[in-house]
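Single-letter residue listing:
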2 protein chains.
Amino acid sequence: MNGKLFLVPVSIGDSRAQDELAPMVINTICSLRNFIVENEKSARRFLSSIMKSEDLDSSNFYILNKHTRASDIHSLLAPMKAGLDAGLLSEAGSPCIADPGSELVAMASREAISVKALPGPSSILLALMASGMNGQRFYFNGYLPADRANREKALKSLEKRSLKEKSAELFIETPYRNASIKESACKVLRPETILCAAMGLLTKEEKIIIKPISEWKNTELKAKIPCVFVMSGMADFSGF
Amino acid sequence: MNGKLFLVPVSIGDSRAQDELAPMVINTICSLRNFIVENEKSARRFLSSIMKSEDLDSSNFYILNKHTRASDIHSLLAPMKAGLDAGLLSEAGSPCIADPGSELVAMASREAISVKALPGPSSILLALMASGMNGQRFYFNGYLPADRANREKALKSLEKRSLKEKSAELFIETPYRNASIKESACKVLRPETILCAAMGLLTKEEKIIIKPISEWKNTELKAKIPCVFVMSGMADFSGF
């Protein structure tokens, strides 16, 4: 019988993993000895905070990141085909959300390997909740284009859709581009459109700024802190 | 100084709340004495499983549901304006996601009441993770229209967008309409479009079915179990 593929959340804040993750999740992680991870070093660091060192020493690590070739992903199913359970971890938060990993899950389900998603923190969901924007219709758009002209075009089209569908529009950016997002937003969006920047969620630096574009011009956005953006074209932005 | 508004997740599975929620979340809940809830009876049932009975007895409950008038929502901020912390709970999972509640959060942030979202289970996120579909671009569409013609039109338009944008398209339905969704999907979607039905997540009845439409025709979908649907127009549905 095939082993299971567990989709394992990793803590995102600066609390201890034992405080930020549910006991049922911690217990499941501690029962696993096969881990598919983006980066072995940081995965070991996380796991060492919850697993006994002898259990960690007897664990196997397999790498899955954006450089993994599609043809190599299939071989990561080997432990499960040999009847062993495995855990898929991302660098932070929940695997398969805003990160590679879904391709492995798709392959697993095609091969009748049972997939079990475990609950945990997601900065995208926390940002949406804290934004007060429409949680009954929300669109996660990943990263916006890196070049200015295309980024501005993308922002305009998200704003247009938000106005039409009353949707909350979410996107992320690498921290060093936070300021560019703000500049582009101030340049091309309507003054009454609301932009939320949710920074450093679950850390001591957590800060959530929610303002119409007209008030963003004079607002500083830290450059080195991970940020989830949520946008709504509606002044009454909760949508209902 | 204003009190804080905590966005409090509620367990969705059939494990004990202490197992399904993180200790930092349980501790925060137990420190609160003001709760804004959809339904007092079920909120008390949940809270009684984690709080001391004397603490629960000294707690205040305020109702916020789809019948609450916009003009009455503002008065729910009173405890926080009096300097007390309050917790917003939904019926299951994370507040403000696929439920009313975001309007209160929007009002709170306008009045400089600080909002703190706590991590917890979300059936939408768990369904997306387990579906193997594109977690780098996903759209949550809420409930589809109840009448058949409009539901079919909506399904076609989600399929069209998924093909164009490689997006995973999520939607929910009241359990007694699960079969209607399946029938409409089989009628109007392309045979190679993939539909995932994630049922009873985190319960003993958890079941995840992922199949192309061509194979859904002969698949029974239980009528009484909450279900999150995830759809992708791409045969290679993980998107990358």
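Residues numbered from 1 in each chain as written. Chains lettered and ligands numbered in written order. Predicted model: local features only at pLDDT ≥ 70, side-chain atom pairs only at ≥ 80, totals over all residues.

Draft legend 1. Summary view of the relation of the copies chain B and chain A. After a rotation of 180° and a shift along the axis of 0.0 Å, chain B superposes on chain A with an RMSD of 0.0 Å. This pairing of chains is accounted for by a two-fold axis. A shared interface surface links the copies, since 100% of the contact residues of chain B are contact residues in chain A too. (Least-squares fit on C-alpha atoms with pLDDT ≥ 70 in both. Contact = placed C-beta atoms within 7 Å.)

Draft legend 2. Layout of the interface of chain B and chain A. Tallying the contact residues gives 50 residues for chain B and 50 residues for chain A. Broken down by secondary-structure element, the contributors of at least two residues to the side of chain B that touches chain A are helix 1 (17–20), helix 2 (23–31), helix 7 (102–110), strand 5 (115–117), helix 8 (123–131), strand 6 (138–143) and strand 9 (207–212) of chain B. For the side of chain B that touches chain A, the residue count by class is 30 nonpolar, 15 polar and five charged. In this sheet, strand 6 of chain B lies alongside strand 6 (residues 138–143) of chain A in antiparallel orientation, the contact comprising three bridges. (Helix = DSSP H or I, 4+ residues; strand = E, 2+ residues; numbered from the N terminus. Nonpolar A, V, L, I, M, F, W, Y, C, P; charged D, E, K, R; others polar. Pairing = 2+ DSSP bridges.)

Draft legend 3. Just the nonpolar core, in detail. The biggest cluster of nonpolar side chains holds 145 residues, and the ones touching the most others in it are Leu170(A), Ala198(A), Leu170(B) and Ala198(B). Leu170(A) has contacts with Ile124(A), Ala127(A), Leu128(A), Phe138(A), Tyr139(A), Phe140(A), Asn141(A), Val228(A), Phe229(A) and Val230(A), leaving out every residue within four places of it along the chain. (Core = buried A, V, L, I, M, F, W, Y, C linked by C-beta atoms within 7 Å. Buried ≥ 20, exposed ≤ 12 C-beta atoms within 10 Å, placed from the backbone.)

Draft legend 4. Representation of the sheet that holds strand 6 of chain B within the structure. Across the sheet, ten strands lie side by side as 9(A)-8(A)-10(A)-7(A)-6(A)-6(B)-7(B)-10(B)-8(B)-9(B); this open sheet has mixed pairing. On the outer flanks of this sheet lie strand 9 (207–212) of chain A together with strand 9 of chain B, each paired with one strand and no other. With direction set aside, neighbouring strand axes in the sheet form an average angle of 15°. As defined by bridge partners, strand 6 of chain A adjoins strand 7 (residues 168–173) of chain A across four bridges and the pair is classed as parallel. When the sheet's bridge partners are listed, Tyr139(A) is paired in strand 7 of chain A with Glu169(A). (Axes fitted to C-alpha atoms, helices over the stretch in contact; angles between N-to-C directions.)

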